[in-house]
Amino acid sequence: MRRWIVRLNTSSLVCCALLAQWLCSGGLRAAPLAERETPIQTPATIAEATQHFDLATFPLMDQVEKPPRRRLASLTYQVKTTPKAAFEFQRKQLLQRHWQELPQSHVSDQSANGTFAHDGYKLSVMIIPGADGQQTVVINNHGNVALDQLPMPLGAKLFSAGPVSTLLISDASVEATVAACKQQLAEQGWKPYGEAGDSLMFKQNAVQLMATIQSAPAQGGRTMIDYSSSLMSADLPAPAETTQLHYADATTTLSFDTKLSKDKILDHYRAELTAAGWKPTTEQPIKNGFHSELLFGDAASNLLSLDALDLRKSDGTRVSLRFQSAAEIVAMDKVYKAEREIKQAEKGKPPATLTVAMPTGAKGIKASKDQISFKITNGAAKAAVEAWRKTLVADGWKEQTASMQKMGGTVSFGRGPQEVLIVIYTDTGLIPAEITLHANGVELMKPAEAK
């Protein structure tokens, strides 16, 4: 039985997606392939991937109510229909765009999944059922990497081949296989891009590769190598020496810690991003406490936000690099303009009020009429926000968007035409977590200090 390794900050939805991808690949079954015949393709750049297929512009079903979470490489939305109808819609749209449906699609009254291919790219489609007839549509682009052309270190042999996952087996030790894999992937141009448990992450252009290397007791203790890949919606570079590196395509954000000083990190990115065609919007970083931020723009009006934070205890820097497309920025501007217009229309009317219950352990509470922020014990932020979600929904607030991971996330709510709440939290597990609640159209009541 194959053992799945899931990172701590992976949501249950992504867990379902991983399972469906495995099913799409045909499960764990031996493949009698003796030779690897797939032509080698260079991993796609952002420009090449966008020209080939952009999920940010892929059609949605008519019944979609909530705004979708869409990027170049991924699309997720909810729709009230049947699994079959949801899958047939995606299938029809893809076939019209000359994608080929690969064998072993699964479509039933309960769920559906399948894999499609075009010009070396692989695309997985998953329909995950929910409550009240709501189906979650998840489409992921796995990029154009030929997994069967990746290194087979130390005499490894092909064990199972699927469109989005390739398994190799070797008699060498896990440690020796890891070392050989790193060396041979580097020779193919792959750069280290973080680790999670038994999984090593690599990056080349706009494709992220995951190599999970572990002992396989069911195979007599031999070593298994599991290769899988995913297209990235943003090409975010990282310096060579990092720890806790993580890229989230849902937010197109790269985060990591480094021993480099804040000034050296800022200089590093000035040089690298400028060479890649980005221009800083200011000569000097914007400072906010121990944080320093630089903004970069490109010819297409996309935006990169670089945040560097001094880590006083470890004498290093915590870095966050976020990409926002020009379309996202325009959409956000429309939201802000609409909010300002609503405020002007409601001017003179007494605002609604909201009393927010502080979670146990909240410290350093700062409160105003439109914002509350505080710190809480590390590891407790996500649970505290989850409790708020239940309370707010029960009080008539409608959840609009949500991206919640263990290390951070954002949730937004709306009530009526003018009331908006946005909750943002960061929780690295190393320092006290921070939670901030922003309000528009509703006045926050100053809470009492939590015990």
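What you see is a predicted model; the values in this text were computed from it and never measured. Position numbers for residues count from 1 along each chain, tracking the sequence in the order it is written. Where local features are concerned, this predicted model is filtered to residues with pLDDT of at least 70; where side-chain atom pairs are given and counted, the filter is 80 or more; whole-chain, interface and lining totals use all residues. Working from all heavy atoms in the structure, the side-chain values ignore hydrogens and water.

Draft legend 1. Fine view of the overall build of the protein chain. When its secondary structure is counted, the protein chain shows seven helices and 28 strands. Throughout this description, buried means an accessible area under 20% of the type-specific maximum (1.4 Å probe, protein chains only), exposed means over 50%, and partly exposed covers the range between. The buried share of the protein chain, taken over its 451 residues, is 45%. If you take every contact in the protein chain between residues at least 6 apart in sequence, the share linking residues at least 24 apart comes to 51%. Summed over its atoms, the accessible surface of the protein chain is roughly 23000 Å², and 54% of this surface lies on carbon and sulfur atoms. Secondary structure counts use DSSP, requiring at least four H or I residues in a row for a helix and at least two E residues in a row for a strand, with both numbered from the N terminus. Throughout, a contact is declared for two residues whenever any of their heavy atoms are within 4.5 Å. Computed with a 1.4 Å probe, the accessible areas rest on the Shrake-Rupley method; for each residue, only the protein chains presented here act as cover.

Draft legend 2. Unusual backbone geometry, seen in detail. A positive phi angle is found at D119, which is not glycine, with a value near 55 degrees. Tracing the sequence through the fold places D119 in the loop between strand 5 (112-118) and strand 6 (121-129). Classification of D119 by relative accessible area gives exposed; the value is 51%. Phi is positive for L154, close to 55 degrees, though the residue is something other than glycine. Assessed through its relative accessible area of 46%, L154 is described here as partly exposed.

Draft legend 3. Structural detail: the pairing of strand 9 (residues 166-170). Among the five residues of strand 9, five are classified as buried, and the element is accordingly described as predominantly covered. DSSP calls a pair of strands paired once it identifies at least 2 bridges connecting them. Linkage of strand 8 (residues 157-161) to strand 9, two consecutive antiparallel strands, is achieved through a turn of four residues. In this sheet, strand 13 (residues 222-231) lies alongside strand 9 in antiparallel orientation, the contact comprising five bridges. If you follow L167 over to strand 13, its bridge partner there is D226.

Draft legend 4. The sheet that holds strand 8, seen in detail. Across the sheet, which stays open at both edges, the six strands sit in the order 8-9-13-12-11-10 with antiparallel pairing between neighbours. What marks the edges here is a single partner per strand, and that holds for strand 8 and strand 10 (191-196). On average, each strand axis in the sheet is tilted by 25 degrees relative to the strand beside it, whichever way the strands run. Lines fitted to C-alpha atoms define the axes here, with helix axes fitted over just the stretch in contact, and angles between the N-to-C directions of these axes take values from 0 to 180 degrees.

Draft legend 5. Inspection of the sheet that holds strand 23 (residues 371-376) at higher detail. As summarised here, the arrangement of the six strands in space is 22-23-27-26-25-24, forming an open sheet in which the pairing is antiparallel. At either end of the open sheet lies a strand with only one pairing partner, and these are strand 22 (363-367) and strand 24 (398-404). On average, each strand axis in the sheet is tilted by 10 degrees relative to the strand beside it, whichever way the strands run. Across six bridges, strand 24 lies against strand 25 (residues 408-415) in antiparallel orientation. Considered in strand 25, the bridge of A402 is made with V411.

Draft legend 6. Seen up close, helix 4 (residues 174-187). One less than the residue count of a helix, multiplied by 1.5 Å, gives the span that helix is expected to have. Counted at 1.5 Å a residue, the expected span for helix 4 with its 14 residues is 20 Å, and the 20 Å between its end C-alpha atoms agrees. Looking at helix 4, one finds that the buried residues are T177, V178, A180, C181 and L185. Summarising the contacts, the buried residues of helix 4 are in contact with strand 9, strand 11 (199-204), strand 12 (207-216) and strand 13. Phi for G189, located one or two positions after helix 4, is positive at around 95 degrees.

Draft legend 7. Up close: the packing of aromatic side chains. Stacked, edge-to-face and tilted labels apply to pairs of Phe, Tyr and Trp rings (six-membered ring for Trp) whose centres lie within 6.5 Å, assigned for plane angles under 30 degrees, over 60, and everything in between, in that order. Counted according to the given criterion, the structure contains five aromatic pairs. Between the aromatic rings of F53 and W99, the centroid separation amounts to 5.1 Å while the plane-to-plane angle is 65 degrees, which identifies the pairing as edge-to-face. Residue F53 is found in the loop between helix 2 (46-52) and strand 1 (69-70), and its partner W99 is found in the loop between helix 3 (83-96) and strand 3 (100-101); the two are separated by 46 residues along the sequence. Pairing F374 with W388 gives two aromatic rings, centres 6.0 Å apart and planes at 80 degrees, and the pair type is edge-to-face. With F374 in strand 23 and W388 in helix 7 (residues 381-394), this pair connects stretches of sequence that are 14 residues apart. We classify W388 as buried; its relative accessible area is 11%.

Draft legend 8. A look at the environment of I46. Along the chain, I46 turns up in helix 2. A C-alpha to C-alpha distance of 9.7 Å links I46 and A73, two positions 27 residues apart in sequence. Setting aside residues up to four positions removed in sequence, I46 forms contacts with L72, A206, M232, S233, A234 and D235.

Draft legend 9. Molecular detail of the pattern of salt bridges. The term salt bridge refers to a pairing of a side-chain nitrogen on Lys or Arg with a carboxyl oxygen on Asp or Glu at a separation within 4 Å. Taken as a whole, this structure holds 14 salt bridges when the rule is applied. Between D267 and R270 there is a salt bridge, with its nearest N and O atoms 2.8 Å apart. One end of the pair is D267 and the other is R270, both in helix 5 (residues 262-275) and three residues apart, which spans about a single turn. Owing to a relative accessible area of 45%, D267 belongs among the partly exposed residues under this scheme.

Draft legend 10. The arrangement of a nonpolar patch on the surface in detail. Side chains of M332, V335 and Y336 sit close together on the surface and give an oily, nonpolar patch of about 260 Å² of accessible area. In this structure, M332 sits in helix 6 (residues 326-345). With relative accessibility at 31%, the residue M332 sits in the partly exposed group. Patch members must show over 30% relative accessible area and no salt bridge, and they are joined within 9 Å when carrying like charges or within 5 Å when they are nonpolar side chains of Val, Leu, Ile, Met, Phe, Trp or Tyr.

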